[in-house]
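Observations on the three-dimensional arrangement
Now for the letters of each chain:
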Amino acid sequence: MDKDLNNGLSPEIALQRLHEDGPNELGISQRRTLRDIVLDVMREPMFLLLIGAGMLYLLMGDAHEALILLGFVSIIITITILQERRTDNALEALREMSSPRALVIRGGVAQRIPGREVVRDDILIVSEGDRVAADGVLLESHELATDESMLTGESEVVEKQKLGDQLYAGTLVVRGQGLMRVSVTGYQTEFGRIGRSLDVIGIQTSPLREHVAALTKRLAVIGIVLCVVLMVLFFLLRGGLIQSILAGITLAMAVLPQELPVIMIVFFALAARRLALQKVLTRRLGAIETLGQTTVLCVDKTGTLTENQMSVAALSIPSAEFNVQGLGERQLPDEFHELVEYAVLASEIDPHDPMEKAFHELGRAQLLETKYLHPEWILAREYELSPKLLSMTHLWRCTDTSFDMVAAKGAPEAVAELCHLGPSQMLSITAKAAAMADQGLRVLGVAKARHVQQSSWPALQHDFQFEWVGLIGLADPLRKDVVSSVAQCAQAGIRVIMITGDHPRTALAIASQAGISSQKVLTGDEIAGMDDSTFRRYLQTVNIFARVKPQQKLQLVDALKAQGEVVAMTGDGVNDAPALKSAHIGIAMGRRGTDVAREAASLVLLEDNFSSILAAIHRGRKTFANLRKAMIYTLAVHIPIVGLAIIPVLFGLPILLAPLHIAFLELVIDPACSIVFESEDRDTGLMQQPPRKTDEPLISTKMLWLSISQGVLVTIAVIGLFKWMLDLNFSSGMAACAAFLLLVTANAVMIFSNRSMRFQWRGLFQGISPVSIWVLSGTMAALIVITAVPMVAEAFRFELLSPVFWSMVVLAGVMMIVPMQLIKWLLISPKQD
């Protein structure tokens, strides 16, 4: 490799070219502009109703009322736009984090950067599972092949072996490794010319979204019917066409459930943002809904349960064994040098795999001054690991002999098969490998061979005359938080299944350390020999699967789904993609995962550890619980608004609510639902409960009755106060002021009652978030202004109350939490949350 390839571009030149050529992207973004958001808001029914009411006030000659109403329209539009912008910002941040990555050499250092930062003349390292970030030419190749079906529509693998071969942005590396120089980026690539986008973040359809959409439509139909009926009744009972239309608009504004879909989008978007702060990237927002339903968690051993920081722990040759962990500063005995030598030769020259890094590290430490390291040899041929043969082979062109040297490593049984050993030797190797595996070590076999240089290279690894060299055991310690996390999964009713390609005894040892119990260990070969019914019977009790081939992960996922389980699955390789896509929640490893695995997954762990998965499940449960509370509250607060719009018309009372009052109430309801409940962070034993059932509705019958009962309670209290004050000859302005004051105070208190679905008095006002305090304080401050400041109160057609009476009404509103809690005690189980 020449100096330019070793160094790549300097960071300064790369930054300059990024400014000159722009980012390596097509510029097609799902992000809405400010203009788009404003237009969307202006098409909302609530906005149109407010504008209509303002126009009617103008027709009536009440310009003052119209201007105030239009002022509220401006405030509502501003708040809505800010809320929509906040949601869009959260989604855009997730899109940027999920963009394809590239391994680039900059200033002599290989570093992983977002694909959008790749520039012309960058040197990229591409390997199996990567999406090529830009168009360029091939500089080096080791068995490199790509899938160009995204461009050509042809699914055949395209070999990339010749220097100068063209690589295209968006294509997938399906085999080998290579080095390329970028020629064009962004719109100049073939992918850019076609104009397709890899931008995949979005809100996918889900049962919950469909349920909320259906509920919204039903309430909208009910609202339209009630609106027409009220207009007709008003006209018949009181006369006045414009006034009857205003009454109808007021009712329509009261009934329209425009908050429901907005609340759900905001909750999911902000939950995804919170997960990103916990190093979990959400690629599909619908996964957040499913997280709370997860019943089975299928995890890889390496890197998820363990640190993925391999170190050579034990060596075994036919004549001796050696514990490397106790080596310290001492020298490795000579008889083990050959084993380490061929382990290094069977590894990549510049490895990324933790096992191969461990071999190189031991080789540098022990063989540096010996004849067993061969930097002058040339890697001439690679035979890749395959599902059919769990071993890989390197053929080296030697400069000092007439032979090519061949090194192989892989599963002990696979390497032993290459050596064509006799039964007694196989039994001995199997016993030694089992003893190492019982210690929780990952065990690999190593073999060697020679090949005459003038002859053609064999097509298969089996065609070499291999000799057995020995076994190497690697230690990969459990992550510190794994034991507690597995225990938490058990408490949460989540079954943990470990899947690994390791030896069955290694799998059993690691699973035992982690706290994963199983009646037996099932291997990939045993699965292959079972019929479906037998496999599914074992699947009910087996939690440890070893020597599993990637395609068998899909079989596992599908079988679990057939048994009614909600499955979360981790994976990192190209062959894991089908299983990740089939699982209800596919979880890709962000650090060691391939691009194709990330694309197939719903979640990406930016830190590859088990506790991140548990944090995501916890967030999913918390989001659903808070969303449920917000929906119950939203339905409850609309009931008194509807009642106060209808009852005065039916019973000949003065009109209590006008569009202006509804506009103010909307300013109170929306922040309460989308901010207060979303930020609710009390953990009321969510991870000590079983997963939510897939057919469990967002709002159960009991919860619906709770919502209706709370709403009716507030309606009776407000109408009762209004009628009582009119009977005592208070003016209609004072009665309306007191009724509105009680309504808003009771709605604010209802937030505290609905922070938990569990009946309890202790902690009712504790643990509320700072942002919730700001929202509630702002609501009460605004209420004080419109009910106690003469000029503003007059605009709302209120007459001022005495300070004592005002305080008594507020106190009455606060005390309504008592009957609200009693209703909860009657309707909801004490264990329900």
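The structure this text deals with has already been given above.
This report concerns the structure included in the present document. It should be emphasised that the depicted structure is a prediction, and the values quoted were computed from it without experimental measurement.

**Some thoughts on the overall build of the protein chain**
Looking only at helices and strands, the protein chain features 31 helices and 22 strands. Evaluated residue by residue, the protein chain yields a buried proportion of 55% over its 833 residues. Of the roughly 35600 Å² that the protein chain leaves accessible, carbon and sulfur atoms contribute 59%.

**Describing the pattern of salt bridges**
Summed over all chains, the structure comprises 18 salt bridges. One salt bridge in this structure joins K723 and D727, with 2.9 Å as the shortest N-O distance. Of this pair, K723 and D727 both sit in helix α26 (residues 701-727), four residues apart, roughly one helical turn. A relative accessible area of 35% places K723 in the partly exposed class. Taken together, the shared-partner salt bridges connect E20, D21 and R120 into one network.

**A closer look at the sheet that holds strand β22 (residues 603-605)**
Taken in spatial order, the eight strands line up as β8-β22-β21-β20-β9-β17-β19-β18 in an open sheet, and their pairing is mixed. This sheet does not close on itself; its edge strands, each paired only once, are β8 (280-282) and β18 (521-523). For this sheet, the mean inter-axis angle between neighbouring strands, taken without regard to orientation, is 20°. Of the strand pairs in this sheet, strand β17 (residues 495-499) and strand β19 (residues 544-546) are connected by two bridges, and their pairing is parallel.

**So, the side chain of T189**
Relative to the helices and strands, T189 resides in the loop between β7 (172-184) and α7 (190-194). Classification of T189 as buried rests on a relative accessible area of 2%. Here the side chain of T189 touches G186 through a polar contact of 2.8 Å, landing on its backbone oxygen. T189 has contacts with A134, D135, A169 and V184, leaving out every residue within four places of it along the chain.

**Some details on the sheet that holds strand β15 (residues 442-452)**
Here seven strands make up an open sheet; going across it, the order is β11-β10-β16-β15-β14-β13-β12 and the pairing antiparallel. Looking at strand neighbours, the two that pair on one side only are β11 (320-323) and β12 (378-383), the edges of this open sheet. Within the sheet, the average angular offset between the axes of one strand and its neighbour, ignoring direction, is 25°. Relative to strand β14 (residues 403-410), strand β13 (residues 391-397) is paired through seven bridges, and the arrangement is antiparallel.

**Brief notes about the pairing of strand β3 (residues 123-127)**
Of all five residues that make up β3, four are buried, and the element is covered over most of its length. In the sheet, strand β1 (residues 101-106) pairs with β3 via three bridges, with the strands oriented antiparallel. Bridge pairing in β3 places L103 opposite I125. Of the pairings in the sheet, the one linking β3 to β7 comprises five bridges and is antiparallel in character. Looking across to β7, one finds that I123 is bridged to R181.

**Details of the packing of aromatic side chains**
The geometry of an aromatic ring pair is captured by the separation of the ring centres together with the interplanar angle, meaning the angle of the planes. Tallied over the full model, the rule gives nine aromatic pairs. Taking 5.4 Å as the distance between ring centres and 50° as the angle between the ring planes, the aromatic pair formed by Y633 and F677 counts as tilted. Of the two residues, Y633 sits in helix α24 (residues 610-650) while F677 sits in the loop between α25 (659-676) and α26, which places them 44 residues apart along the sequence. Each of the two residues, Y633 as well as F677, counts as buried. When the centroid spacing of 5.7 Å and the interplanar angle of 55° are considered together, the rings of F664 and F740 count as tilted. Of this pair, F664 sits in helix α25 while F740 sits in helix α27 (residues 732-753); the two residues are 76 residues apart in sequence, bridging distant segments of the chain. In this pair, the class of F664 matches that of F740, namely buried. Positioned over the ring face of F403 is R450, at 4.1 Å from the centre of the ring. Directly above the ring of Y538 sits R537, whose terminal nitrogen or CZ lies 6.0 Å from the centroid.

Conventions and cut-offs
- Residues numbered from 1 in each chain as written.
- Predicted model: local features only at pLDDT ≥ 70, side-chain atom pairs only at ≥ 80, totals over all residues.
- Heavy atoms only, no water.
- Helix = DSSP H or I, 4+ residues; strand = E, 2+ residues; numbered from the N terminus.
- Buried < 20%, exposed > 50% of the residue type's maximum accessible area, 1.4 Å probe, protein only.
- Areas by Shrake-Rupley, 256 points an atom, 1.4 Å probe, with all protein chains shown as cover.
- Salt bridge = Lys/Arg side-chain N within 4 Å of Asp/Glu carboxyl O.
- Pairing = 2+ DSSP bridges.
- Axes fitted to C-alpha atoms, helices over the stretch in contact; angles between N-to-C directions.
- Polar contact = N/O pair within 3.5 Å; in protein donor to acceptor, adjacent residues only side chain to side chain.
- Contact = heavy atoms within 4.5 Å.
- Phe/Tyr/Trp six-rings, centres within 6.5 Å; stacked < 30°, edge-to-face > 60°.
- Lys NZ or Arg CZ within 6 Å of the ring centre and 35° of its normal.

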